[in-house]
Amino acid sequence: MKIEILYVPGCPSHPAAVKLLRDVLRAEGVAAEIREVLVTDQSMARNLAFCGSPTIRINGQDVAGASSQGAAFALSCRLYPGSSEIGLPPVEMVRRAVLQAREGNGH
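What counts, and where the lines are drawn
- Residues numbered from 1 in each chain as written.
- Predicted model: local features only at pLDDT ≥ 70, side-chain atom pairs only at ≥ 80, totals over all residues.
- Heavy atoms only, no water.
- Axes fitted to C-alpha atoms, helices over the stretch in contact; angles between N-to-C directions.
- Helix = DSSP H or I, 4+ residues; strand = E, 2+ residues; numbered from the N terminus.
- Parallel < 35°, antiparallel > 145°, perpendicular 65-115°, else oblique.
- Left-handed = near helix turned anticlockwise from the far one by under 90°.
- Contact = heavy atoms within 4.5 Å.
- Nonpolar A, V, L, I, M, F, W, Y, C, P; charged D, E, K, R; others polar.
- Buried < 20%, exposed > 50% of the residue type's maximum accessible area, 1.4 Å probe, protein only.
- Polar contact = N/O pair within 3.5 Å; in protein donor to acceptor, adjacent residues only side chain to side chain.
- Expected span 1.5 Å × (residues − 1).
- Arc of directions from axis to C-beta.

What to know about the packing of helix α1 (residues 14-27) against helix α3 (residues 91-104)
Inference 1: Across the interface, α1 lies against α3 with an axial gap of 10 Å and an inter-helix angle of 50 degrees. If you check the angle between α1 and α3, you find them oblique. Crossing geometry of α1 relative to α3 is assigned as right-handed. Across from L20, L21, V24 and L25 in α1, the residues of α3 making contact are V91, V94, R95 and V98.
Inference 2: A per-class count over the contact of α1 with α3 returns seven nonpolar, no polar and one charged.

Structure (structure tokens):
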């Protein structure tokens, strides 16, 4: 399973997103490395289809699903609809993405 957290320098939600992801992986019994990707400029944001910081991707798929923002890639904070914590996706959203990826890999 390929897991990435994309973030901008100084993102206040980045450490909490890493912890949230580790907690979900541990709870689901998934051993996987988390690759942290620092997005440093607008060109990099465009190339990575970066939707804001932090963005969590599992096997290349955003945990929030397809972006409704279209081509609005920017070096900015990210808000997740339905989340009780600013800048973090809901735990269930991350758990669902992890489980779907695990099932897709046949594990």
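Let's pick the thread back up.
Thoughts on unusual backbone geometry
Inference 1: In this chain, S53 is followed by P54 through a cis amide linkage whose omega measures -5 degrees.
Inference 2: Here P54 is to be found in the loop between α2 (42-47) and β3 (55-58).
Inference 3: One non-glycine residue, A49, lies in the positive phi region at around 50 degrees.
Inference 4: Within the secondary structure layout, A49 lies in the loop between α2 and β3.
Inference 5: Overall, A49 belongs to the partly exposed group, its relative accessible area being 30%.
Inference 6: A positive phi angle, near 50 degrees, is found at N59, a position not held by glycine.
Inference 7: Mapped onto the secondary structure, N59 falls in the loop between β3 and β4 (61-62).

Re the side chain of D62
Inference 1: Its location among the elements puts D62 in strand β4.
Inference 2: A distance of 2.8 Å separates a polar atom in the side chain of D62 from a polar atom in the side chain of R78.
Inference 3: With residues up to four places along the chain from it excluded, the contact list for D62 reads T55, I56, R57 and R78.

Observations concerning α1
Inference 1: The first and last C-alpha atoms of α1 sit 20 Å apart over 14 residues, in line with the 20 Å expected at 1.5 Å per residue.
Inference 2: Within the span of α1, buried status applies to H14, A17, V18, L20, L21, V24 and L25. What you see down the axis of α1 is that its buried residues fit within an arc of 160 degrees, all on one side. In α1, the exposed positions angled more than 90 degrees off the buried face are occupied by P15, K19, R26 and A27.
Inference 3: In this structure, the buried residues of α1 make contact with β1 (3-7), β2 (34-38), β3 and α3.
Inference 4: G29 lies just past α1 and shows a positive phi near 70 degrees.

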